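# Structure at a glance
The lines below spell out each chain.
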Amino acid sequence: MVQERIPSLVYAEVRLADMARTGIDFQLVSVTPAQYHYWAGAAQAMNLSHAVNEGVAAHCAQRPGQLAGVGVFPLQHPDLAVAALEHEVEGLGFK
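Report on the accompanying structure. (Residues numbered from 1 in each chain as written. Predicted model: local features only at pLDDT ≥ 70, side-chain atom pairs only at ≥ 80, totals over all residues. Heavy atoms only, no water.)

## Describing the overall build of the protein chain
- Within the protein chain, the regular secondary structure consists of four helices and two strands.
- Listing every helix and strand of the protein chain by position from the N terminus yields α-α-β-α-β-α.
- Taken along the three principal axes of its C-alpha coordinates, the protein chain extends 45 × 30 × 15 Å.
- Classification of the 95 residues of the protein chain by burial places 34% in the buried group.
- For the protein chain, the share of sequence-separated contacts (at least 6 apart) that also reach a separation of at least 24 residues comes to 65%.
- Just so you have it, the protein chain exposes about 6,000 Å², and 61% of that area is on carbon and sulfur atoms.
- Both charge centroids of the protein chain, one from 5 positive and one from 9 negative side chains, sit 12 Å from each other. (Helix = DSSP H or I, 4+ residues; strand = E, 2+ residues; numbered from the N terminus. Buried < 20%, exposed > 50% of the residue type's maximum accessible area, 1.4 Å probe, protein only. Contact = heavy atoms within 4.5 Å. Areas by Shrake-Rupley, 256 points an atom, 1.4 Å probe, with all protein chains shown as cover. Lys, Arg positive; Asp, Glu negative; His and termini not counted. Charge placed at Lys NZ, Arg CZ, Asp CG, Glu CD.)

## Let's talk about unusual backbone geometry
- With a phi angle near 60 degrees, His37 is a residue other than glycine that sits in the positive phi range.
- Mapped onto the elements, His37 comes out in the loop between β1 (27-29) and α3 (42-61).
- With relative accessibility at 16%, the residue His37 sits in the buried group.

Spatial relationships are all this shows, so hold off on functional conclusions.
This is the structure:
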């Protein structure tokens, strides 16, 4: 079941076609909980959160009026989480 849904999750054009077919005008896009990386140390957590969020932002940029990203942040490191949040909102346009 998951395997057949991967194209809709990974490829914006497939996602958008599915949305059009089912009458969905707007979607929030996020990663799975397996990509939250709460086990990571400080530097790695920051790098991972930036990489993941930049991927979500690039996916959503293909149709900004229909797709918006939901970011992940290194919550296990509160000081870094604030900096990551600022980067994602100011740098990537997350809401």
